[in-house]
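Read off the chains here:
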Amino acid sequence: MREAIMFGAGGIGRGFIGALLEKSGWHVTFADVVEPIINEINARKHYTVHILDQECEDWEIENVSAVLSTGDDIVKAIATCDLITTAVGPLVAPIIAKPIAAGIQARMAAGNQTPMNVVCCENGLRTTTRLKGFVFEHLSEEEKAFAEKSIGFADCAVDRICPKSSFENPLDAAVERYMEWDVERSAWKGETPEIQGLTFVDNLLAYLERKLFTLNSGHAVCAYLGSLRGHKTILESIQDPAVGAVVHAAMCESGEGLIKEFNFDADKHHAYIEKIFGRFHNPYLQDEVDRVGREPIRKLDPADRLIKPLATAASYGLPVDHLIFGAAAAMRFDCPEDKQSVEMLQKIKDEGPAAALAAYTGFQPENPLFGRILDVYRALALV
C-alpha cells in the first residue's frame, strides 16, 4: 500500500487532501504539533467527512494514523513514504522543512532511491518551490544532489472550502462538494498516480492565478467588507447587498485582468466566476470572516490575492474601482486574536496608513493606485 504523510491535521488536511488520498487507497499518516488531535486519530482510527451542499454525502475515512511533526517518528515515516502533502499555512513552511530534510537524509543513508514527491496544498503561489528552498538549506551538496534525483517538489493549486465545524467526533470535518486539486506534472518524480480529485496539469500558473484572482480574492474582499459591516460569516456578508455587489464586481474586474494576461476564453471564465460566486452562498458553509481574513499583511503582499489582481487589471488600463475596496478594507481588519491584524493596526496607528500601505503592498505614493486606496480607506471609516 502506498504511504502518504499529511503535514497538518486540520480541516483541510483531514477533510480535503487526506480524505482524497485515503479514498484512493493510500494509508495517510497525519503529522501535527497538536497532541490531542494526534492522540484522537490514533485512538479512533476513523472519522467522517461531511459534504455539505445541495446534495449532502458522508465519506468514512479509516486508513489513517498520526505522529507528532517533531521527533524521530516523523523522520522514520518520511524515510519510507511515497508522498508528502502539507496544509499548514505558508508561514509554517520553514518549520516543517527541518523534519522533511532529516527524512531525506534518512532515505539517502538507507539507500532508498524510490521516488518521493512533496506537494504543498496551501493558498499561495509556488509554495512547494518555496518549501524546497527551505529544505535545501538543511542539506549538504551531496544530499541536494540525491534530492534532485529522487525527490519531486511539485507545485499545485487547491480549491475547496473547509469551514470550521463541530461534530460529536472531534475529527470529523465539513467540506463543500466543489473541489479542485491541480498538480504540476513536470515537477513530479516517477509515475503519476491515480488519485481521486487530483489532475496533473502542464500550465499550472494559469490555474494558480485563476484561483488567486477569483476565489481567494473574492473571499478576502467579502471577509474584510463583511467584518467592517459587523457580519460574522461569509454567508451573512455575501447576502448583504452592499457587500455582495462589491464582491461580484471585484471578481469581474480581476477576471478581466486574467483574460488579458492568459488569453482565457471570456465566456468560460465569466462562467467560472459565477460558479465561484455561487459557492459563497452555500448555506451549509458558515465560514467565519475572521478565519478568511486572518493574516492581512500576507494577503496584502504584492504577489497575493488583493494586490496582484488589482495591479494586473490596472496594468491593462482596466477598471479597478471595486478591487480597491478589498485592499482598503483589509487595512481596517480588526481581529485581536490575529497577530498580523494587531501588528498592522499598530503600524497604522504609529506611522499612519500611507506608511503601512507602502510597506505592505509595495505601492509607492507616485503610483495612481496609492492615493485611490487611501481615499477608500478613509471613506470606510464612515461605514
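Going by the structure above, here's the rest.
All values derive from a computational prediction rather than experimental measurement.

### Focus on the overall build of the protein
Within the protein, the secondary structure is distributed over 17 helices and twelve strands. Since a compact globule built from 383 residues should have a radius of gyration of about 21 Å, the 21 Å found for the protein is in line with a globular shape. Each principal axis of the C-alpha distribution contributes one length, and for the protein these read about 60 × 50 × 45 Å. Among the 383 residues that make up the protein, the fraction classed as buried is 55%. Taking all contacts inside the protein whose residues are at least 6 apart in sequence as the whole, residues at least 24 apart take part in 72%. Summed over its atoms, the accessible surface of the protein is roughly 16,300 Å², and 51% of this surface lies on carbon and sulfur atoms. Seen as two clouds, the 38 positive and the 55 negative side-chain charges of the protein have centres 2 Å apart.

### So, the packing of helix H7 (residues 204-228) against helix H13 (residues 307-315)
Remark: H7 packs on H13, axes separated minimally by 9 Å, with the N-to-C direction vectors making an angle of 115°. The pairing of H7 with H13 is recorded here as roughly perpendicular in orientation. The two elements H7 and H13 cross, and the hand of that crossing is left-handed. Contacts from Glu209, Leu212, Phe213 and Ser217 of H7 reach H13 at Lys308, Pro309 and Thr312. Classifying every residue of the contact of H7 with H13 by side-chain character gives three nonpolar, two polar and two charged.

### A closer look at the packing of aromatic side chains
Two aromatic rings are characterised by how far apart their centres lie and by the angle between their planes. The tally for this structure, following the rule as stated, stands at five aromatic pairs. Over the ring of Tyr272 we find Arg210, and its NZ or CZ is 4.0 Å from the ring centre. The ring centre of Tyr377 lies 3.9 Å from the NZ or CZ of Arg332, which sits over that ring.

### Notes on the pairing of strand S6 (residues 83-86)
Of the two faces of S6, the one carrying Leu83 and Thr85 and the one carrying Ile84 and Thr86 are both buried. Of the strand pairs in this sheet, strand S1 (residues 3-7) and S6 are connected by four bridges, and their pairing is parallel. Looking across to S6, one finds that Ile5 is bridged to Ile84. Handedness of the crossover joining S6 and strand S7 (residues 116-120) through helix H4 (residues 93-109): right-handed.

What counts and how
Residues numbered from 1 in each chain as written. Predicted model: local features only at pLDDT ≥ 70, side-chain atom pairs only at ≥ 80, totals over all residues. Heavy atoms only, no water. Helix = DSSP H or I, 4+ residues; strand = E, 2+ residues; numbered from the N terminus. Rg over C-alpha atoms; globule rule 2.2 N^0.38 Å. Buried < 20%, exposed > 50% of the residue type's maximum accessible area, 1.4 Å probe, protein only. Contact = heavy atoms within 4.5 Å. Areas by Shrake-Rupley, 256 points an atom, 1.4 Å probe, with all protein chains shown as cover. Lys, Arg positive; Asp, Glu negative; His and termini not counted. Charge placed at Lys NZ, Arg CZ, Asp CG, Glu CD. Axes fitted to C-alpha atoms, helices over the stretch in contact; angles between N-to-C directions. Parallel < 35°, antiparallel > 145°, perpendicular 65-115°, else oblique. Left-handed = near helix turned anticlockwise from the far one by under 90°. Nonpolar A, V, L, I, M, F, W, Y, C, P; charged D, E, K, R; others polar. Phe/Tyr/Trp six-rings, centres within 6.5 Å; stacked < 30°, edge-to-face > 60°. Lys NZ or Arg CZ within 6 Å of the ring centre and 35° of its normal. Pairing = 2+ DSSP bridges. Right-handed = clockwise from strand over helix to strand, strands pointing away.

These figures come from the coordinates and say nothing about function on their own.
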